[in-house]
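Topology and contacts: notes
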Amino acid sequence: MKQTKLIEFKNGDGSILRGIFVFGKKTEKAVLMCGGFERSATTEKKFKVLADELANQNIASLRFDYSGCGLSDGDFARITVQRMANDFRNAVKILQEKIDCENISAAVHSLSACVVANLTKESFFKKIILIAPALNQKDLLRYWFTVSAMKKEKPNVKITWQNFRNYLDEKKFQADCARTDKMTKTNYISADYFLENKDKDYSGLLADSRNVLHIHGDKDDKAPIENLNVEFENKIIVKNGDHDLERPDMIEQWIYRTIDFIIK
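Residues numbered from 1 in each chain as written. Predicted model: local features only at pLDDT ≥ 70, side-chain atom pairs only at ≥ 80, totals over all residues. Heavy atoms only, no water.

Before going further, it helps to spend a moment on the overall build of the chain. Of regular secondary structure, the chain possesses eight helices and ten strands. Against the compact-globule benchmark of 18 Å for 264 residues, the chain has a radius of gyration of 18 Å, which places it among compact chains. When its C-alpha atoms are laid out on the principal axes, the chain stretches across 55 × 40 × 30 Å. Sorting the 264 residues of the chain into buried and exposed places 53% on the buried side. Taking contacts inside the chain between residues at least 6 apart in sequence as the whole, the part at least 24 apart equals 63%. Total accessible area on the chain is roughly 12,800 Å²; 47% of this is exposed by carbon and sulfur atoms. Taken together, the 42 basic and 38 acidic charged side chains of the chain have centroids lying 0 Å from each other. (Helix = DSSP H or I, 4+ residues; strand = E, 2+ residues; numbered from the N terminus. Rg over C-alpha atoms; globule rule 2.2 N^0.38 Å. Buried < 20%, exposed > 50% of the residue type's maximum accessible area, 1.4 Å probe, protein only. Contact = heavy atoms within 4.5 Å. Areas by Shrake-Rupley, 256 points an atom, 1.4 Å probe, with all protein chains shown as cover. Lys, Arg positive; Asp, Glu negative; His and termini not counted. Charge placed at Lys NZ, Arg CZ, Asp CG, Glu CD.)

Below, the structure written as structure tokens:
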């Protein structure tokens, strides 16, 4: 019978992180899940559905929130990929303590693909599921900056991945990365994340492998599939799929194939 528990553990800064642990009888596999930029994996629909379907196959899961996100404590303003990776390491340790198995996979969304890319040399994971990976931070940060800038300067111009470089003001972009007064939808954010990633493409850290599954929406305009400079053999392209991939007709296209991938 499936059981669900709230798990609390500390990160390297001493902040309390929280996650949802779903488990049943003794399992031989487990999946660690985390969301993208400023996202809450504990409450996002796609991770809840994935956790429930995994439980049906007697596969445990832990979906946790990074420092300053969702249920977790901490200061989001200090977010960087490196800090997220440290949180992730601690989550792996907690999951290993909760279950008696070495077969742990990762299912991550968007920016968290960069986190997993940073950790691949540490060989934590049997399988890696990348949902709408935002690996090419170098170009994505410029794309997002241009989309935002043009909404103010020329709102009638539609910015796409194909044309954003024509409108990019590199000097203004560099100055924007160094700003100390930025806010996201719900938080302040320092310049650390932008300075860390404005020249980074994590694609090269995640070579194609039979153990990697790439899931992407063909209508993703937040992290267009073209951002990737790596091609994965195992992939699911979700028809009319957006960046979140949570609408029922989108989940249906990837959920069961993903479960099969984890099981095999």
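What follows deals with the sheet that holds strand β9 (residues 212–217). Spatial strand order, β1-β2-β4-β3-β5-β6-β9-β10: eight strands in an open sheet with mixed pairing. Of all the strands in the sheet, the pair left with one neighbour each is β1 (3–10) and β10 (235–238). Taking each pair of neighbouring strands and ignoring which way they run, the sheet shows an average axis angle of 15°. Sheet analysis places β1 next to strand β2 (residues 16–23), joined by eight bridges and oriented antiparallel. Note that in β2 the partner of K10 across the bridge is I16. Relative to strand β3 (residues 30–34), helix α1 (residues 45–56) is tilted by about 175°, and along the sheet it contacts β2, β3, β4 (60–64), β5 (104–109) and β6 (128–131). Docked against the sheet, helix α8 (residues 248–263) engages β3, β6, β9 and β10, running at close to 170° with respect to β10. (Pairing = 2+ DSSP bridges. Axes fitted to C-alpha atoms, helices over the stretch in contact; angles between N-to-C directions.)

Next up on the list: the packing of helix α2 (residues 81–98) against helix α3 (residues 112–119). Interhelical geometry of α2 versus α3 gives an angle of 70° and a closest axis separation of 9 Å. Relative to α3, the element α2 lies roughly perpendicular. Of α3, the residues touching α2 (which contributes V81, Q82, M84, A85, F88 and R89) are S112, C114, V115, V116, N118 and L119. A breakdown of the residues in the contact of α2 with α3 according to their chemical character gives eight nonpolar, three polar and one charged. (Parallel < 35°, antiparallel > 145°, perpendicular 65-115°, else oblique. Nonpolar A, V, L, I, M, F, W, Y, C, P; charged D, E, K, R; others polar.)

Here we take up the pattern of salt bridges. In this structure the tally under the stated criterion is 21 salt bridges. Between D73 and R18 there is a salt bridge whose closest N-O contact spans 2.9 Å. Of the two residues, D73 sits in the loop between β4 and α2 while R18 sits in strand β2, which places them 55 residues apart along the sequence. Judged by its relative accessible area of 35%, D73 is partly exposed. Residues K235 and E231 are paired through a salt bridge, measuring 2.2 Å at the closest nitrogen-oxygen approach. (Salt bridge = Lys/Arg side-chain N within 4 Å of Asp/Glu carboxyl O.)

Okay, the packing of aromatic side chains next. One pass over the full model with this rule turns up twelve aromatic pairs. Centre to centre, the rings of F37 and F76 are 5.5 Å apart; their planes meet at 80°, and the pair counts as edge-to-face. Remark: F76 occurs in the loop between β4 and α2 and F37 occurs in the loop between β3 and α1; sequence separation between them is 39 residues. Here the basic side chain of R165 rests over the ring of W161, its NZ or CZ set 5.5 Å away from the ring centre. Its guanidinium or amino end placed over the ring of F194, K182 lies 3.5 Å from that ring's centre, counting from NZ or CZ. (Phe/Tyr/Trp six-rings, centres within 6.5 Å; stacked < 30°, edge-to-face > 60°. Lys NZ or Arg CZ within 6 Å of the ring centre and 35° of its normal.)

Turning next to the pairing of β4. Counting buried residues in β4 gives five out of five residues, a clear majority hidden from the surface. Every second residue of β4 is oriented toward a common face, with A60, L62 and F64 on one face and S61 and R63 on the other, all of them buried. Looking at chain direction, β3 and β4 are connected through four bridges and run parallel. Looking across to β4, one finds that A30 is bridged to A60. As for the winding sense of the linkage, the β-α-β connection from β3 through α1 to β4 is right-handed. (Right-handed = clockwise from strand over helix to strand, strands pointing away.)

So, about the nonpolar core. If you look at the biggest cluster of nonpolar residues, it comprises 52 residues, and the most contacted ones within it are F64, F88 and L135. Considering each element in turn, this core owes the most residues, eight residues, to α2. Once you skip the residues sitting within four places of it in the chain, F88 turns out to touch L32, C34, F64, Y66, A106, V108, V115, V116, L119 and F125. Counting 27 residues, the second-largest nonpolar core is a separate cluster that includes I20, M33, A41 and I262. (Core = buried A, V, L, I, M, F, W, Y, C linked by side-chain atoms within 4.5 Å.)

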